[in-house]
Every structure is written in C-alpha cells, then in structure tokens.
Amino acid sequence: MVFSVPMRPIFDAMLVNRTFGDPGVLIDLKFERRAILFDIGDVTGLPTRKLLRVSDVFVSHTHMDHFAGFDHLLRVCLGRDTAVRLYGPEKFISQVGHKLAAYTWNLVENYATDYVITVHELGAGGHIERAQFRSRRRFEYEALPGTDCSDGVLLESPSFRIRAVPLEHHAITSLAFAFEEGVHINIWKNRLEELGLPTGPWLTRLKELVRAGAPEDTPIRVRWRTRGGAHEQMIPLGKLRASVLEFLPGQRVCYVTDVADNPANRESLVAFLHGADLLFIEAVFLDAEREQAARKAHLTARAAGQMARAAGVRAAVPFHFSPRYLGREEDLRREFEGAWRGG
Ligand SMILES: [Zn+2]
Ligand SMILES: [Zn+2]
C-alpha cells in the first residue's frame with residue numbers, strides 16, 4: 001500500500017507504508033531509473049522493481065522500525081543489483097557491519113555480480129567516515145577514505161542533492177533529510193521555431209554548458225539538414241540562454257522523524273524546513289498525551305504542525321502515528337492541520 005504525493009513528472013515522493021506502518025519515504029526519480037529511500041523499516045510493500053532501483057538509503061537512526069528492512073533489501077538485490085550506498089548517524093558503519101556479520105557468506109563470492117555496499121557515517125562536526133562491504137569479499141569490513149561534509153550535504157548529483165541535519169532523539173542522534181532538486185532547464189520549442197533552429201543533441205550540450213557556468217560568449221554550433229541542404233550557425237551561448245531557455249526552481253522535499261520536542265530541535269528544524277515544497281513529518285501522539293511524547297522523545301501532531309507553520313512549508317504529510325490511535329487517525333490529522341494552518 002503506497003500513499004503517493006505526485007510532484008513534478010520527474011519524481012514522485014511517497015510514504016512506503018500507510019499511516020501505522022513503519023516510517024519511510026521513497027523518492028522515485030523516474031527518468032533516471034533510480035530511487036532514494038529515507039529510512040528502511042518494513043519495505044516488503046515495495047515491489048521488487050522499485051527496490052532494485054534504490055541507489056541510496058538514508059537512515060535517520062537505527063531503531064528497528066527505521067532499519068530492519070535492510071535485510072530485505074539485501075535479500076532482493078544480492079546477485080541482481082551491483083551496489084547500494086547507505087548513510088546514517090554515529091556508529092552506523094559498525095552497525096551495518098554487525099548486521100552483515102549475522103549471516104554466513106561462504107557461497108556468495110561465486111555470484112556473477114559483485115554487490116558493493118558503501119556506508120557513510122555522519123559524525124559530530126560534519127566529518128563523514130566511510131567503509132565498504134563487498135559480496136566478493138564475503139562482506140568483510142574495508143575502510144575507505146573519509147570526507148568532510150559541508151553544510152550538511154551528504155550526496156551531490158547533477159540533478160539533486162541530499163542534505164541532513166542532526167537532531168536529538170532520546171539522547172541519540174536522529175537525522176532529518178532534505179531532497180533538493182536542481183534547477184530545471186526547459187526549452188521553449190516555439191522560440192526555437194521562430195528562430196528557425198532545429199531540436200537536436202546540441203540542446204543537451206547547451207544545457208550542460210549553462211549548468212557548468214560557461215561564459216556568455218561561448219560559441220554554440222548548430223548544424224542541421226533540410227531539403228535545401230546543410231545549414232550551420234554559430235550562436236553565442238548568452239543569446240540562446242535569453243531566447244530559448246526557461247529556468248524553473250527545483251523542489252525541496254523534507255523528511256523528519258523521531259525527534260524530541262525541545263528548543264534546540266525546534267530551532268534547527270524550522271531553519272532546515274524553511275521553504276520546503278513538501279514535508280513528511282512524524283506526528284506520533286496527540287497533544288493530550290504530550291507527556292508520553294516527551295518521555296519517548298517524539299513529536300505530537302500539534303508540535304509537528306507548529307514547526308511546519310513556522311517554516312512556511314507548502315504541503316505536509318504527517319506520519320508515524322502511534323498504534324494507540326488505530327481507528328482515530330483523523331484526530332491526529334485534524335490536530336496537525338489545525339496547528340499547521342493556524343486554525
Ligand atoms: Zn520510530
Ligand atoms: Zn526512534
């Protein structure tokens with residue numbers, strides 16, 4: 001069962017499980033045949049073809065409901081997929097190592113494909129330790145050079161980046177994540193026609209140069225054939241940028257779960273969530289049970305709604321409801337909406 005929030009046609013962001021299931025969000029980058037997971041609790045509801053597409057898994061913290069599904073992912077991908085990258089908070093590398101050490105791997109090196117698990121552990125001060133575990137090496141620990149994380153960015157790819165912020169959750173760290181899409185560059189087809197220019201691979205090259213920040217006077221060669229013969233034009237990049245390209249800001253999707261309601265977390269979160277287009281945020285208890293929420297270091301629906309409001313998020317989905325509200329989830333939604341919309 002997948003609750004889907006359609007965004008742009010280029011990606012979907014959806015809860016992995018319905019309201020009372022394990023928390024998790026899948027971001028499916030349809031045209032890249034690639035997907036990203038925020039948390040990996042119970043993922044058995046995801047079809048195999050989607051799990052095989054998962055390239056990167058970001059784990060907020062390693063309580064079982066956020067991490068137990070790693071075994072399922074491994075089971076599905078071993079021998080079929082080639083790699084996955086995992087990211088998590090302190091102690092994450094040794095915890096992944098212990099999970100892998102729980103199984104016997106005496107036959108796995110005979111598989112046709114090597115399966116490489118690269119693990120990133122975000123420590124205090126923004127340092128990232130890295131290690132890998134490969135099926136060809138029976139998933140033995142292998143150290144990789146560490147790296148420094150600037151401004152919370154854990155992953156940077158040409159079309160998006162993933163940023164994390166550490167928050168407090170019952171004396172451990174829980175990471176909140178943001179998926180930040182890069183600027184879209186569209187082509188105005190009608191303007192191309194007005195200029196008498198063809199579509200073709202030169203437009204891809206133009207977009208690449210613009211993204212790379214090439215100078216305005218960079219000559220762009222456009223060649224094409226018509227019945228009248230071969231044509232060629234050299235046009236400066238700046239002129240094309242102004243006349244045929246359209247720039248649209250990318251979307252920002254945030255994921256927040258298992259965080260205590262305290263002033264430091266609120267301050268970090270409101271800054272982190274600022275301007276989010278879509279927010280998935282835990283709303284575990286009703287405000288009436290706020291003492292229970294405080295003991296377990298979770299947000300109430302009201303607290304989550306207040307933070308969504310303070311950050312000015314455009315759309316929000318509360319999740320990770322406590323099973324005590326089975327049959328009463330509307331109460332949680334109503335409380336969240338009320339605090340978010342300021343009712
Ligand atoms: Zn949890
Ligand atoms: Zn937890």
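It should be emphasised that the depicted structure is a prediction, and the values quoted were computed from it without experimental measurement.

J.: Please clarify how helix α8 (residues 263-273) should be interpreted in this entry.
T.: The periodicity of an α-helix, 3.6 residues per turn, causes residues three or four places apart in sequence to face the same way. Within α8 the residues assigned to the buried category are N265, L269, F272 and L273. The arc that holds the buried residues of α8, viewed along the axis, is 85 degrees, so those residues lie on one side. Of the exposed residues in α8, the ones pointing more than 90 degrees away from its buried face are P263, A264, E267 and A271. Positive phi shows up at G275, right after α8, with a value of about 75 degrees.

J.: Sorry, what's going on with the coordination of the zinc ion (ligand 1) here?
T.: For the zinc ion (ligand 1), the full set of protein donor atoms is D65 (OD), H66 (NE2), D258 (OD) and H320 (NE2), and the range of their distances to it is 2.2 to 2.4 Å. Of note is the zinc ion (ligand 1), whose 4 donor atoms meet at the metal with angles of 87 to 158 degrees in an arrangement that counts as irregular. Sequence spacing among the residues donating to the zinc ion (ligand 1) works out to D-H-x191-D-x61-H. In this structure, the zinc ion (ligand 1) lies 3.8 Å from the zinc ion (ligand 2), and both are coordinated by D258. Of this pair, H66 sits in helix α2 (residues 64-67) while D258 sits in the loop between β17 (252-256) and α8, placing them 192 residues apart in sequence. For the residue pair H66 and D258, the accessibility class agrees, reading buried in each case.

J.: Would you mind showing me how to read the coordination of the zinc ion (ligand 2) here?
T.: Geometrically, a metal with four donors at the corners of a regular tetrahedron has ideal angles of 109.5 degrees, and one with six donors at the corners of a regular octahedron has ideal angles of 90 or 180 degrees. Here the zinc ion (ligand 2) is held by H61 (NE2), H63 (ND1), H169 (NE2) and D258 (OD), and the distances to it run 2.2 to 2.3 Å. Taken together, the 4 donor atoms surrounding the zinc ion (ligand 2) define angles of 89 to 165 degrees at the centre, an arrangement classified as irregular. The class of D258 is buried, set by a relative accessible area of 2%.

Scoring rules and cut-offs
- Residues numbered from 1 in each chain as written.
- Chains lettered and ligands numbered in written order.
- Predicted model: local features only at pLDDT ≥ 70, side-chain atom pairs only at ≥ 80, totals over all residues.
- Heavy atoms only, no water.
- Buried < 20%, exposed > 50% of the residue type's maximum accessible area, 1.4 Å probe, protein only.
- Helix = DSSP H or I, 4+ residues; strand = E, 2+ residues; numbered from the N terminus.
- Arc of directions from axis to C-beta.
- Donors = N, O, S within 2.8 Å, 3.2 Å for Na, K, Ca; no water.
- Tetrahedral: all angles 85-135°; square planar, octahedral: opposite > 155°, others 65-115°.

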